Amino acid sequence: MISRLRRETRWAQIWSSTRCAVRPSRSASRTEPRWGLELHPGKTRIVYCKDADRRGDHEATSFTFLGYTFRPRLARNRWGKHFVNFLPAVSKDAIKAMGREIRSWHIARRSDKSLKDLALMFNSIVQGRINYYGRFYKFMLYPLLRRINDHLVRWAMRKYKRLRRREKRAGELLAEASRRSPRLFAHWRVGLKPGGWTMGAV
């Protein structure tokens, strides 16, 4: 899927630089001969790819595809200067879907499992999401990934009697575990450890 996104992102960049428009044209319902693409007349929407060079105001300036929302975003060039570019980042719908998936794991109820067991159960899924959605503007995943720590805190409170109704102490226990084994969970590996904060580039 990542390779497909890369191809489609490249196609969007080419399309936006050559055919960025505001109104549907007669050719929008035909095959684009240069890339062999056929546009569905009932599902096609012309989007204005607004950026630093295209500053007009139009109805549609974003679209969502393969879990990414393409829209004007602040970027930085190789000289460190900020500018607006038309770029993808994880979509709100994708964030909501991943949030539902994490809740469906019912981590807090798995008091029969150890931290290592939980890591083995869910790391591959979390790492896959980081690999895919973290290719652009990774920091937009951070609030979602931090929720996993919240679930782990509730897991600790259920698992250990001495931590019942002691959320702060449970958080400290997890923070200590993350210092001992900083790579135990996939999201800890990108710096999202309990009780901490993360600085990172997009």
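Before any of the text, the structure's been laid out above.
Presented here is an overview of the structure given in this document. (Residues numbered from 1 in each chain as written. Predicted model: local features only at pLDDT ≥ 70, side-chain atom pairs only at ≥ 80, totals over all residues. Heavy atoms only, no water.)

Section: the packing of helix H3 (residues 115–133) against helix H4 (residues 142–159)
Helices that pack against each other are described as a pair by the angle of their axes relative to one another and the distance between those axes.
Link 1 in the chain: Where H3 contacts H4, the axes come no closer than 12 Å and their chain directions differ by 165 degrees. Put simply, H3 runs roughly antiparallel to H4. As for the relative orientation of H3 and H4, their crossing is right-handed in sense. Seen from H3, the contacting residues are Leu115, Leu118, Val126 and Ile130; seen from H4, they are Leu145, Ile148, Leu152 and Trp155. (Axes fitted to C-alpha atoms, helices over the stretch in contact; angles between N-to-C directions. Helix = DSSP H or I, 4+ residues; strand = E, 2+ residues; numbered from the N terminus. Parallel < 35°, antiparallel > 145°, perpendicular 65-115°, else oblique. Left-handed = near helix turned anticlockwise from the far one by under 90°. Contact = heavy atoms within 4.5 Å.)

Considering a positive patch on the surface
Link 1 in the chain: A cluster of basic residues, Arg71, Lys92, Lys96, Arg100, Arg103 and Arg147, forms a positive patch on the protein surface.
Link 2 in the chain: When residues of the positive patch are assigned to their parent elements, the largest contribution, 4 residues, is made by helix H2 (residues 92–104).
Link 3 in the chain: By secondary structure assignment, the location of lysine 92 is in helix H2.
Link 4 in the chain: On the basis of relative accessible area, lysine 92 is assigned to the exposed category, the value being 69%. (Patch = residues over 30% accessible without salt bridge, like charges linked within 9 Å, V, L, I, M, F, W, Y side chains within 5 Å. Areas by Shrake-Rupley, 256 points an atom, 1.4 Å probe, with all protein chains shown as cover. Salt bridge = Lys/Arg side-chain N within 4 Å of Asp/Glu carboxyl O. Lys, Arg positive; Asp, Glu negative; His and termini not counted. Charge placed at Lys NZ, Arg CZ, Asp CG, Glu CD. Buried < 20%, exposed > 50% of the residue type's maximum accessible area, 1.4 Å probe, protein only.)

With respect to the packing of aromatic side chains
Link 1 in the chain: Taken as a whole, this structure holds 10 aromatic pairs when the rule is applied.
Link 2 in the chain: Following the ring pairs from residue to residue traces out a cluster consisting of Tyr68, Tyr132, Tyr133 and Phe136.
Link 3 in the chain: One cation-aromatic arrangement involves arginine 73 over tyrosine 137; the distance from NZ or CZ to the ring centre is 5.7 Å.
Link 4 in the chain: Lying over the aromatic face of tyrosine 160, arginine 162 brings its terminal NZ or CZ to 5.1 Å of the ring centre. (Phe/Tyr/Trp six-rings, centres within 6.5 Å; stacked < 30°, edge-to-face > 60°. Lys NZ or Arg CZ within 6 Å of the ring centre and 35° of its normal.)

So, the side chain of threonine 69
Link 1 in the chain: Note that threonine 69 resides in strand E4 (residues 68–76).
Link 2 in the chain: Threonine 69 gets classed as buried once you look at its relative accessible area, which sits at 14%.
Link 3 in the chain: Among the polar contacts made by the side chain of threonine 69, one reaches the side chain of threonine 64 at a distance of 3.0 Å. (Polar contact = N/O pair within 3.5 Å; in protein donor to acceptor, adjacent residues only side chain to side chain.)

No statement about biological role is implied by the geometric values presented.
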